[in-house]
Amino acid sequence: MSEQRSKADSTSGSGASGTTQGDKQGFSTKAVHAGYEPDPLTGAVNVPIYASSTFAQDGVGGMRSGFEYARTGNPTRRPLEANLAAIESGTYGRAFSSGMAATDCLLRATLRPGDHLVIPNDAYGGTFRLIDKVFTQWGIEYSVAAVSDVDAVRQAIRPNTKLVWVETPTNPLLNIGDIEALAEVAHGSNAKLVVDNTFASPYLQQPLALGADVVLHSTTKYIGGHSDVVGGALITDDEELDAAFAFLQNGAGGVPGPFDAFLTLRGIKTLALRMERHSDNAEKLVEMLNSHPAISQVIYPGLPEHPSHHVAAKQMRRFGGMISVLLGGGQQAALDFCARTEIFTLAESLGGVESLIEHPGAMTHASTAGSLLEVPDNLVRLSVGIEDAADLIGDLEQALG
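The structure presented is a predicted model; accordingly, all values stated were derived computationally and were not measured. (Residues numbered from 1 in each chain as written. Predicted model: local features only at pLDDT ≥ 70, side-chain atom pairs only at ≥ 80, totals over all residues. Heavy atoms only, no water.)

Peer 1: In this structure, what is going on with the environment of Pro207? I would like to understand it.
Peer 2: Along the chain, Pro207 falls in the loop between α7 (201-204) and β6 (214-217). The spacing of Pro207 and Val195 is 12 residues in sequence and 6.7 Å in space, taken between C-alpha atoms. Apart from the residues within four sequence positions on either side, Pro207 is in contact with Glu88, Ile179, Val195, Asn197, Ala212 and Val215. (Helix = DSSP H or I, 4+ residues; strand = E, 2+ residues; numbered from the N terminus. Contact = heavy atoms within 4.5 Å.)

Structure follows, in structure tokens:
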């Protein structure tokens, strides 16, 4: 696997409140400090959990620090949003109660009946379900295209296309989209480019610096990192888009509670350390899996034989902790593999410190069955945690054996 260092190393950005000294700081420094300074009253070095649904006013309209009602704004959520903007090298950050709440907000803020969007042909099942089962009822049209094929995306764009929606790496087939090239294609058709950066995390990839208009996260995953909080985020440099997100965030109310915001902020502080360990472990597991007779194919962007390895090496700091494999014995072999692991936990989700295994066709991507996005039934997805690599290798070997 090749070594690479991309723009993610040198790109700087600001928090939600605008340009600050933090623009010149490294990723880990921003992850630890952006959005909050020790409390001036108590000196608390961590953001307090403001468990209050409403805030006293100094006379009608006399809001203290702009807070009136917790759906509209909360003193624990505000630092999280500023921090999210900073680590994505963006200007504006908005936090949501889940990744799907963020997805729903983005779609409603940017699309109207008669509009069209392009989505990956192997998109996350929840994203596909929301678009296919809900937004099409309201006159929204969509087409699918391989994010790794810039020409296919270009051909999928129509005169009424408003969004080009990209996951890179995709879930679960780990295809890679060239963000710079896709941004050029989208902008050439007066469409916005949205990048779901959940699999890469802000540490490994910086889509705004590569031309994306909006970055989306399920903060439940690598950003939170401990499988103990559900959340989502939208980050942009576009003031008009952010105003639309803010209106819907408040108006529809899909916001995280203060404890959720606190846990997410806590997770961000160790994001860089965790992503390095996830990547280290994944590379060691890939080496073992690639030579195992029960595995017919290992899908990992760090492998030179991955069809978009060169693109991943160009735009990612490292290749991350997600691995997908195809079992030579078909669906039953895949199901048996999932059932036999002992350290890898059979569960949906990903990006936590613990290793997880799942069968996408029967679990996270069941909603794509019978569609153009249906995933292979012999596919198994691994979310590689931060345990000792030797133990993880031993677990997979015994499960495959």
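That shown, we press on.
Peer 1: How should I be thinking about the sheet that holds strand β4 (residues 161-167) in this particular structure?
Peer 2: Whenever strands of a sheet pair, they do so through backbone hydrogen bonds, lying parallel or antiparallel. Strand order in the open sheet formed by 7 strands is β1-β7-β6-β5-β4-β2-β3, with mixed pairing between adjacent strands. Unpaired on one side and paired on the other, β1 (92-96) and β3 (141-145) mark the two borders of the sheet. Looking at each pair of strands side by side, their axes are set apart by 20° on average, direction ignored. Examined bridge by bridge, strand β2 (residues 116-120) and β3 share 5 bridges and lie parallel to one another. For His116, the partnering residue across the bridge sits in β3 and is Glu141. (Pairing = 2+ DSSP bridges. Axes fitted to C-alpha atoms, helices over the stretch in contact; angles between N-to-C directions.)

Peer 1: Explain the environment of Leu130 to me, please; I cannot follow it from the model alone.
Peer 2: By secondary structure assignment, the location of Leu130 is in helix α4 (residues 125-134). Take Leu130: its relative accessible area is 15%, and that puts it in the buried class. When the C-alpha atoms of Leu130 and Phe27 are compared, they prove to be 33 Å apart, with 103 residues separating the residues in sequence. (Buried < 20%, exposed > 50% of the residue type's maximum accessible area, 1.4 Å probe, protein only.)

Peer 1: Could you clarify how one ought to interpret the sheet that holds strand β11 (residues 356-358) in this entry?
Peer 2: Taken together, the 5 strands give an open sheet; going across it, the order is β8-β9-β12-β11-β10, and neighbouring strands pair in mixed fashion. With one partner strand each, in any of the chains shown, β8 (295-299) and β10 (345-346) form the two edges of the open sheet. Bridge count for β10 against β11 is 2 bridges, and the pairing is parallel. Residue pairing in the sheet places Leu346 in a bridge with Ile357 of β11. Packing of helix α12 (residues 330-340) onto the sheet brings it into contact with β9 (322-327), β10, β11 and β12 (379-383), and relative to β9 it is tilted by some 135°.

Peer 1: Before we go on, may I ask you to explain the pattern of salt bridges in this structure?
Peer 2: If charged atoms from side chains of opposite charge come close, those side chains can pair. Inspection of the entire model under this criterion finds 16 salt bridges. Asp388 is the partner of Arg277 in a salt bridge, and the nearest nitrogen-oxygen pair spans 3.6 Å. Of this pair, Arg277 sits in helix α10 (residues 271-289) while Asp388 sits in the loop between β12 and α13 (389-400); the two residues are 111 residues apart in sequence, bridging distant segments of the chain. Judged by its relative accessible area of 47%, Asp388 is partly exposed. Among the salt bridges present, the one from Glu283 reaches Arg318, with a minimum N-O distance of 3.3 Å. Here Arg318 lies in the loop between α11 (309-315) and β9 and Glu283 lies in helix α10, a separation of 35 residues in the sequence. Comparing Glu283 with Arg318, the two get one shared label, buried. One continuous salt-bridge network, built from bridges that share partners, spans Glu276, Asp280, Glu283 and Arg318. (Salt bridge = Lys/Arg side-chain N within 4 Å of Asp/Glu carboxyl O.)

Peer 1: I would appreciate a short explanation of the environment of Ser349 in the present structure.
Peer 2: Considering the arrangement of structural elements, one finds Ser349 in the loop between β10 and β11. On a C-alpha basis, the gap between Ser349 and Met363 in space is 9.9 Å, while along the polypeptide they are 14 residues apart. The contacts of Ser349, once residues within four sequence positions are left out, are Thr220, Lys221, Leu356 and Arg381.

Peer 1: I'm lost on the pairing of β12 in this one. Help?
Peer 2: Consecutive side chains along a regular strand alternate between the two faces of the sheet. The element β12 is extensively covered by neighbouring structure, given that 5 of its 5 residues are classed as buried. When β9 meets β12, the two strands line up antiparallel, connected through 5 bridges. Directly across from Ser324, in β12, lies its bridge partner Arg381.

Peer 1: Even after reading the chapter, I still don't get the confidence of the model for the protein chain, so can you show me in this structure?
Peer 2: Keep in mind that low pLDDT regions are not for reading the predicted coordinates in detail. Confidence in the prediction of the protein chain, expressed as mean pLDDT, is 93, and 95% of residues score 70 or more. The low-confidence segment residues 2-21 (pLDDT under 50) makes 52 contacts with residues lying over four places distant or belonging to another chain. (pLDDT = per-residue confidence, 0-100.)

Peer 1: What is the right way to look at unusual backbone geometry in this model?
Peer 2: Note: most peptide bonds trans; most residues except glycine with negative phi. A cis amide bond links Thr168 with the next residue in sequence, Pro169, at an omega value of -5°. Even without a glycine there, the phi angle at Ser89 is positive, about 55°. Looking at the secondary structure, you find Ser89 in the loop between α2 (77-87) and β1. The class for Ser89 is buried, based on a relative accessible area of 9%.

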